[in-house]
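Overview (structure and organization)
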Amino acid sequence: MPLLTIENLPGSGIVVPPGATLLAAIQGVGHDWRHACGGKGRCTTCRVQVLAGAQNLTPLTAPELRYRAAGYLLATERLTCQARLLQGDVLGRVPEATKLPHVQYGQ
Ligand code: FES
């Protein structure tokens, strides 16, 4: 199954079940991840910086296109509550601005 690896979170790759959002998969293995609007695509706090494998993700959703056009979502970022993994693997990291104060992040 496709794997999501977040390089600055502890642990190994996260299996992303078919049809699941990245956010659901991340939370499913117990990681605390910022998601201020509850996964409704109405904020950008759940974003992930994609370092490799962006082509393996589902196309940008309407909220992502809107935030990208407005400059709130970088070309290298996806909303984890919107993106799903189609095939292959993805490598990402938690952006500095969305880190949670109580979570220990790696380099
Ligand atoms: S949790 Fe708000 S946009 Fe994803």
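Treat the numbers as computed from the prediction; the structure is a model and nothing was measured. (Residues numbered from 1 in each chain as written. Predicted model: local features only at pLDDT ≥ 70, side-chain atom pairs only at ≥ 80, totals over all residues.)

Overview of the overall build of the chain
Counting its regular elements, the chain contains two helices and five strands. Across the chain, helices and strands are ordered from the amino to the carboxyl terminus as β-β-α-β-α-β-β. If you line up the chain on its principal axes, its C-alpha atoms span 35 × 30 × 25 Å. For the chain, the residues scored as buried account for 29% of the 107 residues in total. Sequence-distant contacts, at least 24 apart, represent 66% of the contacts inside the chain between residues at least 6 apart. (Helix = DSSP H or I, 4+ residues; strand = E, 2+ residues; numbered from the N terminus. Buried ≥ 20, exposed ≤ 12 C-beta atoms within 10 Å, placed from the backbone. Contact = placed C-beta atoms within 7 Å.)

Regarding the nonpolar core
The biggest cluster of nonpolar side chains holds 20 residues, and the ones touching the most others in it are Leu4, Val16, Leu22, Ala25 and Leu85. Considering every element that reaches this core, the biggest residue donor is helix H1 (residues 22–28), with four residues. Excluding residues that lie within four positions of it along the chain, Leu85 makes contacts with Pro2, Leu4, Val16, Leu22, Asn56, Leu57 and Val90. (Core = buried A, V, L, I, M, F, W, Y, C linked by C-beta atoms within 7 Å.)

Observations concerning the pairing of strand S1 (residues 3–6)
By the alternation rule, side chains of S1 split into Leu4 and Ile6, which are all buried, and Leu3 and Thr5, of which none is buried. Across two bridges, S1 lies against strand S2 (residues 14–15) in antiparallel orientation. The partner of Leu3 across the bridge, within S2, is Val15. (Pairing = 2+ DSSP bridges.)

So, the sheet that holds strand S4 (residues 77–79)
Spatial strand order, S2-S1-S5-S3-S4: five strands in an open sheet with mixed pairing. Each of the sheet's edge strands pairs with one partner strand only, and the pair in question is S2 and S4.

Some words on the pairing of strand S5 (residues 90–93)
A one-sided burial pattern is seen for S5, the buried positions being Val90 and Gly92 and the unburied ones Leu91 and Arg93. With three bridges joining them, S1 and S5 adopt parallel strand pairing. In the sheet register, Leu4 faces S5, and the bridge partner there is Val90.

What to know about the environment of Tyr105
Here Tyr105 lies in the segment after S5. Placed 95 residues apart in sequence, Tyr105 and Pro10 show a C-alpha to C-alpha distance of 7.3 Å. Excluding residues that lie within four positions of it along the chain, Tyr105 makes contacts with Asn8, Leu9, Val94 and Lys99.

Focus: the environment of Thr58
By the element assignment, Thr58 lies in the loop between strand S3 (47–52) and helix H2 (62–69). When the C-alpha positions of Thr58 and Gln87 are compared, they lie 9.3 Å apart, and in sequence the two are 29 residues distant. Those residues in contact with Thr58 that sit more than four places away from it in its chain are Ala83, Arg84 and Leu86.

Any functional reading would require information that these geometric values do not contain.
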